[in-house]
Amino acid sequence: MDKYAEQSVSVRLKKNKIYLLEAELKKNWLLYLMFLPIVVYYLLFAYKPMYGALIAFQDYEPMKGMAGSDWVGFRHFIDFFTNYYFWRILKNTVVISVSTIIFGFPAPIILALLLNEVTNSKFKRVVQTISYIPHFISMVVICGMIKVFTADNGIIMDVLCLFGVERQPLLNNASAFVPIYVISDIWQGVGWGTIIYLAALTNIDQSLYEAATIDGANRWQQTLHVTLPGIEPTIVIMLILRLGSILGIGYEKIILLYSPLTYDTADVISSFVYRRGLQELDWSYSTAVGLFNSVINFAFLILANAISRRVSETSLW
Amino acid sequence: MLLLSFAMLYPILYVIFASFSDSNAFMAHEGLLLYPLSPNTRSYEKVFQNPMVWIGYKNTLFILVVGVSLNMVMTTLAAYVLSRKKLKGLGVMTFFVVFTMFFSGGMIPTYLNVQSLGLDNTLWALILPGAMSAYNMIIMRTSFAGIPDSLEESAKLDGANHMVILLRIVLPLSGSVIAVMILYYAVSHWNAWFNAMIYLRDREKYPLQLVLREILIQNDTSNMMNDLSSVEQGSISETIKYAIIVVSTVPILCVYPFLQKYFVKGVMIGAIKG
């Protein structure tokens with residue numbers, strides 16, 4: 001084919017493409033129009049802040065705006081990594097996260113298994129209803145309850161006193177912060193977490209139980225050898241996804257519960273960002289810390305997803 | 001099992017008992033509480049006399065009504081468009097929305113953005129930035145995608161456009177997912193406090209949760225007790241806290257058992273997708 005013909009083919013193809021695009025727009029213009037508000041919303045409230053995160057590489061001053069502020073490269077990141085607080089908040093984030101996983105992750109599985117053994121369906125429903133309730137109580141109220149319960153005249157202190165613990169506002173005690181956080185977290189989430197496992201339990205083939213009974217397995221053995229393997233894929237996926245957000249401890253509960261007295265164990269990356277940014281108005285530095293956290297979270301999530309795909313052929317995308 | 005569910009329920013019962021207790025008797029009491037001590041409703045009277053509680057309720061109600069309406073319009077539109085399997089550019093459009101679930105600009109750029117749009121210190125700062133949730137949109141899209149194509153095809157033959165199909169065919173068939181969405185959004189607006197804390201400066205704009213935070217976390221019950229002696233103040237401020245927890249949580253807990261199956265349904269649809 002000579003050059004001229006080649007060119008004309010490509011021109012024709014291009015024309016064809018434009019024509020197709022026009023036809024598509026003409027046919028589905030209403031659909032694209034319906035999607036327009038969504039595009040505007042995400043550009044304005046999701047993608048614009050992503051662009052705004054570039055102030056992490058600047059010395060941002062609100063008066064000068066982004067265009068007028070000086071670029072400083074990775075200085076804020078380096079400042080952060082060499083900061084005395086870097087290891088403290090990284091350690092706290094990991095400690096709180098890992099403790100919630102170790103104690104909080106198995107809790108809904110155990111509760112779901114227990115519920116599965118309950119044969120009276122009315123009783124089962126009542127227990128489920130009760131266990132879901134804490135999920136709907138707002139974080140402010142949960143933390144308010146924690147605060148009054150653990151005050152030096154609160155009910156938890158009353159009980160601990162019986163075991164010889166000295167009366168004190170427990171939330172001011174740095175070594176008590178993680179247990180308080182984890183235990184209340186379990187209380188909030190255990191019931192709600194069972195939903196997904198209960199769904200997995202209903203998918204187990206009933207004939208497996210019959211076979212196990214014939215083989216003389218008691219209920220405990222059935223649980224161990226039929227039920228648990230049956231929900232194993234669900235457990236694996238949930239665990240991998242949970243591990244993916246290991247550095248993503250939310251700030252809401254932390255900043256409601258912590259105080260300067262407990263920063264040693266309670267201050268995590270996101271609460272540090274909040275304090276440096278919104279309380280001390282250190283815009284660029286806190287943005288850099290936040291960006292570091294977002295990128296790490298994103299990387300972990302992709303990693304977790306890749307592992308999940310390999311292990312169980314299930315993935316987020 | 002019985003013991004376990006009791007243990008989960010007890011903190012809530014304790015709050016209710018304490019809120020109806022006489023403040024002096026409650027202060028003198030130690031240990032578990034199995035019934036209200038010399039029951040009275042003085043703490044509740046104090047709570048309802050506090051204008052901030054009413055202001056908070058009013059603002060939260062406004063946010064709830066306007067916010068959920070906006071949420072539903074946006075989510076329905078996005079879910080409908082993204083459930084059209086043959087649409088060109090579907091992949092790009094879906095990615096455009098879903099990517100925001102996994103990556104965000106972060107707290108500070110988001111704050112500066114809201115400020116630069118001139119929304120700070122208005123209730124819109126609590127409504128517009130959360131105009132829709134990608135996660136909820138996926139739940140709704142999954143449900144829309146389950147509606148048989150044949151219905152839509154026959155409507156098209158009758159000359160219906162997409163808006164008509166959405167309003168006349170898809171929505172009437174999606175009662176339960178709409179209920180789930182309204183509930184999810186309503187609960188999240190009801191419980192939200194952080195944005196209110198960082199964006200609002202005027203106290204008369206505070207939603208309920210922020211008023212609660214002042215009282216419960218920052219320990220400020222003073223403007224409810226101007227008329228009391230200081231000794232009395234010390235003791236009643238405790239039971240006031242319990243009363244206000246009840247007042248702010250009861251609306252949700254009252255409707256919740258009736259709606260439980262919808263909430264659970266939402267988790268199931270989401271889980272199948274995820």
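On a predicted model such as this, the values are computed, not experimentally measured, just so you know.

Calculation rules
Residues numbered from 1 in each chain as written. Chains lettered and ligands numbered in written order. Predicted model: local features only at pLDDT ≥ 70, side-chain atom pairs only at ≥ 80, totals over all residues. Heavy atoms only, no water. Helix = DSSP H or I, 4+ residues; strand = E, 2+ residues; numbered from the N terminus. Rg over C-alpha atoms; globule rule 2.2 N^0.38 Å. Buried < 20%, exposed > 50% of the residue type's maximum accessible area, 1.4 Å probe, protein only. Contact = heavy atoms within 4.5 Å. Lys, Arg positive; Asp, Glu negative; His and termini not counted. Charge placed at Lys NZ, Arg CZ, Asp CG, Glu CD. Areas by Shrake-Rupley, 256 points an atom, 1.4 Å probe, with all protein chains shown as cover. Core = buried A, V, L, I, M, F, W, Y, C linked by side-chain atoms within 4.5 Å. Domains from an automatic or database assignment. 1 Å grid on protein atoms, 1.4 Å probe; cavity = no way out; pocket = protein on both sides within 12 Å on 5 of 7 lines; lining within 4 Å. Points joined across faces, edges and corners; volume = space filled by probe spheres on them. Buried area = accessible area lost by both parts, 1.4 Å probe. Salt bridge = Lys/Arg side-chain N within 4 Å of Asp/Glu carboxyl O. Polar contact = N/O pair within 3.5 Å; in protein donor to acceptor, adjacent residues only side chain to side chain. Nonpolar A, V, L, I, M, F, W, Y, C, P; charged D, E, K, R; others polar. pLDDT = per-residue confidence, 0-100. Axes fitted to C-alpha atoms, helices over the stretch in contact; angles between N-to-C directions. Parallel < 35°, antiparallel > 145°, perpendicular 65-115°, else oblique.

**Things to note about the overall build of chain A**
Stage number 1. Counting secondary structure elements, chain A contains 15 helices and two strands.
Stage number 2. Taken over the C-alpha trace, chain A has a radius of gyration of 27 Å; the compact-globule value for 317 residues is 20 Å, which it surpasses by more than 25%.
Stage number 3. Principal-axis analysis of the C-alpha atoms places the extent of chain A at approximately 90 × 60 × 35 Å.
Stage number 4. Of all 317 residues assigned to chain A, the portion counted as buried reaches 48%.
Stage number 5. Look at the contacts in chain A between residues 6 or more apart in sequence, and 62% of them connect residues 24 or more apart.
Stage number 6. With 24 positive and 23 negative side-chain charges, chain A shows a spacing of 8 Å between the two charge centroids.

**Digging into the overall build of chain B**
Stage number 1. Helices and strands together make up the secondary structure of chain B, namely 14 helices and zero strands.
Stage number 2. Listed N to C, the secondary structure of chain B is α-α-α-α-α-α-α-α-α-α-α-α-α-α in terms of helices and strands.
Stage number 3. The C-alpha atoms of chain B give 23 Å as radius of gyration, which overshoots the globular expectation for 274 residues (19 Å, by more than 25%).
Stage number 4. Taking the principal axes of its C-alpha atoms as reference, chain B extends roughly 75 × 50 × 30 Å.
Stage number 5. Expressed as a percentage of contacts within chain B between residues at least 6 apart in sequence, the contacts between residues at least 24 apart total 71%.
Stage number 6. Summing over all exposed atoms, chain B offers an accessible surface of approximately 12,100 Å²; the carbon and sulfur share of this is 66%.
Stage number 7. Of the charged side chains in chain B, 18 are positive and 15 negative, and the gap between their average positions amounts to 14 Å.

**Describing the nonpolar core**
Stage number 1. Membership of the largest hydrophobic core comes to 181 residues, with the highest contact counts inside it found for I38(A), Y42(A), F177(A), Y274(A), V97(B) and M132(B).
Stage number 2. Both of domain 1 (2-71) and domain 2 (75-312) of chain A provide at least three residues apiece to this core.
Stage number 3. Residues in contact with Y274(A), not counting those within four places in the same chain, are I255(A), Y258(A), Q279(A), M107(B), F194(B), M197(B) and I198(B).

**A look at unusual backbone geometry**
Of all residues except glycine, most have a negative phi; of all peptide bonds, most are trans.
Stage number 1. Within the chain, L281(A) stands out as a residue other than glycine whose phi angle is a positive 55°.
Stage number 2. Within the element layout of this structure, L281(A) appears in the loop between α14 (269-279) and α15 (283-312).
Stage number 3. Even without glycine at this site, N121(B) takes up a positive phi of about 65°.
Stage number 4. Note on placement: N121(B) falls in the loop between α6 (107-116) and α7 (124-127).
Stage number 5. Judged by relative accessible area, which is 11%, N121(B) ranks as buried.

**Remarks on the layout of surface pockets**
Stage number 1. Counted as a void, the second largest pocket has a volume near 900 Å³.
Stage number 2. Residue lining of the second largest pocket: 27 residues in total, with I156(A), I183(A), S184(A), W187(A) and P11(B) positioned closest to the centre.
Stage number 3. When contributions to the lining of the second largest pocket are tallied by element, the ones reaching two or more residues are α5 (106-117), α7 (139-150), α8 (155-162) and α9 (177-202) of chain A together with α1 (2-20) of chain B.
Stage number 4. Counting residues per element, the lining of the second largest pocket draws most heavily on α9(A), at seven residues.

**Brief notes about the domain arrangement of chain A**
Residues and elements named next belong to chain A.
Stage number 1. Its domain assignment divides chain A into domain 1 (2-71) and domain 2 (75-312).
Stage number 2. Once you take the C-alpha centre of each, domain 1 and domain 2 turn out to be 39 Å apart.
Stage number 3. The interface is formed by eight residues belonging to domain 1 together with eight residues belonging to domain 2.
Stage number 4. Both faces considered, domain 1 and domain 2 share a buried interface measuring about 650 Å² in area, 63% of it formed by carbon and sulfur atoms.
Stage number 5. Among the residues of domain 1 in contact with domain 2, I55, A56 and D59 are the three that bury the most area, contributing 53% of the side total.
Stage number 6. Across the domain 1-domain 2 interface, the total number found is one salt bridge.
Stage number 7. Linking D59 and R75 is a salt bridge whose minimum nitrogen-to-oxygen distance equals 3.2 Å.
Stage number 8. Taken together, the connections running from domain 1 to domain 2 amount to six residue pairs in polar contact (both at pLDDT 80 or more).
Stage number 9. Residues that form the side of domain 1 that touches domain 2 fall into these classes: six nonpolar, one polar and one charged.

**Section: the confidence of the model for chain B**
Stage number 1. Chain-level pLDDT for chain B is 83 on average; 91% of the residues reach the 70-or-more range.
Stage number 2. Two summary scores accompany this predicted model of the complex, namely pTM at 0.85 and ipTM at 0.85.

**A look at the side chain of S97(A)**
Stage number 1. Positionally, S97(A) belongs in helix α4 (residues 84-104).
Stage number 2. Among the polar contacts made by the side chain of S97(A), one reaches the main-chain carbonyl oxygen of I246(A) at a distance of 2.6 Å.

**Considerations on the packing of helix α8 (residues 134-145) of chain B against helix α11 (residues 175-191) of chain B**
Residues and elements named next belong to chain B.
Stage number 1. Look at α8 against α11: their axes get within 10 Å of each other, and the N-to-C directions meet at 175°. Between α8 and α11, the angle is such that the two are roughly antiparallel. Across from N136, I139, M140 and S143 in α8, the residues of α11 making contact are V177, I178, M181, Y184 and Y185.
Stage number 2. In the contact of α8 with α11, the residues fall into seven nonpolar, two polar and no charged.

**Considering the pattern of salt bridges**
Residues and elements named next belong to chain B.
Stage number 1. What the rule picks out here adds up to 16 salt bridges over all chains.
Stage number 2. Here K86 and E153 are joined by a salt bridge, their closest N and O atoms 3.9 Å apart. Separated by 67 residues along the polypeptide, K86 in the loop between α4 (51-82) and α5 (90-102) and E153 in helix α9 (residues 149-157) bring together distant segments of the chain.
Stage number 3. For the salt bridge of E152 with K156, the shortest nitrogen-to-oxygen distance reads 3.5 Å. Here E152 and its partner K156 are both found in helix α9, four residues apart, which amounts to about one turn of the helix.

**Notes on the interface of chain A and chain B**
Stage number 1. At the interface, 80 residues of chain A touch 84 residues of chain B.
Stage number 2. When chain A packs against chain B, close to 7,300 Å² is buried across both sides, 79% of that on carbon and sulfur atoms.
Stage number 3. On the chain A side of the interface with chain B, the three residues burying the most area are M34(A), F35(A) and F136(A), jointly 9% of the side's total.
Stage number 4. Counting the contacts that link chain A with chain B gives zero salt bridges.
Stage number 5. Put simply, chain A and chain B have 11 residue pairs in polar contact (both at pLDDT 80 or more) between them.
Stage number 6. Residue contributions to the side of chain A that touches chain B peak at 21 residues, all from helix α1 (residues 3-52) of chain A.

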